[in-house]
Amino acid sequence: MVSHVTTVSPAGELAEPRVNELAGALQAIGFRVHRKRQHVSFSSETVEAHAAKAYLRGHGFRDPEFQIVLEYSRLWGIM
């Protein structure tokens, strides 16, 4: 069995109002907010990376405005 975590981070030069729009869009589909000092990211264990990217593009975000990382982890057995 395999688990995954999709993490979306705004681009470093993205203006704060646009980051807030990104946050609202991602929270609407179940992403959680993570803040570490000046850095913010959003993660979900239920939304796949390709679905998140398609959703963001559909809501007017361009690829250079965000970065998506998909991490898999094996829960048990052989992968």
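Worth saying up front: this structure is predicted, and the values here are computed from it rather than measured. (Residues numbered from 1 in each chain as written. Predicted model: local features only at pLDDT ≥ 70, side-chain atom pairs only at ≥ 80, totals over all residues. Heavy atoms only, no water.)

**Details of the overall build of the chain**
Part 1 of the reasoning: Each helix and strand in the chain was counted, giving two helices and four strands.
Part 2 of the reasoning: In the chain, the order of α-helices and β-strands from amino to carboxyl end is β-α-β-β-α-β.
Part 3 of the reasoning: Every one of the 79 residues in the chain was classed for burial, and the buried ones make up 33%.
Part 4 of the reasoning: Residue pairs at least 24 apart in sequence account for 68% of intrachain contacts in the chain once pairs closer than 6 positions are excluded. (Helix = DSSP H or I, 4+ residues; strand = E, 2+ residues; numbered from the N terminus. Buried < 20%, exposed > 50% of the residue type's maximum accessible area, 1.4 Å probe, protein only. Contact = heavy atoms within 4.5 Å.)

**Focus: the layout of surface pockets**
Part 1 of the reasoning: As a volume, the largest pocket reaches approximately 280 Å³.
Part 2 of the reasoning: Looking at the largest pocket, it is lined by 14 residues, and the ones nearest its centre are Pro10, Val19, Arg35, Gln38 and Val40.
Part 3 of the reasoning: Elements with a minimum of two residues in the lining of the largest pocket: α1 (16–28) and β3 (39–44).
Part 4 of the reasoning: Of the residues contributing to the lining of the largest pocket, the split by class is seven nonpolar, four polar and three charged. (1 Å grid on protein atoms, 1.4 Å probe; cavity = no way out; pocket = protein on both sides within 12 Å on 5 of 7 lines; lining within 4 Å. Points joined across faces, edges and corners; volume = space filled by probe spheres on them. Nonpolar A, V, L, I, M, F, W, Y, C, P; charged D, E, K, R; others polar.)

**Some points on the pairing of strand β2 (residues 32–36)**
Part 1 of the reasoning: Taken together, the five bridges between β2 and β3 define a ladder with antiparallel strand orientation. Each bridged residue has a counterpart across the sheet, and for Lys36 the counterpart in β3 is His39.
Part 2 of the reasoning: Taking the residues between adjacent antiparallel strands as the criterion, β2 and β3 are bridged by two residues, where Arg37 takes a positive phi near 55 degrees. (Pairing = 2+ DSSP bridges.)

**A short note on helix α2 (residues 49–58)**
Part 1 of the reasoning: Those residues of α2 that fall on the buried side of the exposure criterion are Ala49, Ala52 and Leu56. Looking straight down α2, one finds its buried side chains confined to an arc of 60 degrees; they lie on one side. Of the residues in α2, the exposed ones pointing more than 90 degrees away from the buried face are His50 and Gly58.
Part 2 of the reasoning: Just downstream of α2 lies Gly60, where phi reads positive at about 90 degrees. (Arc of directions from axis to C-beta.)

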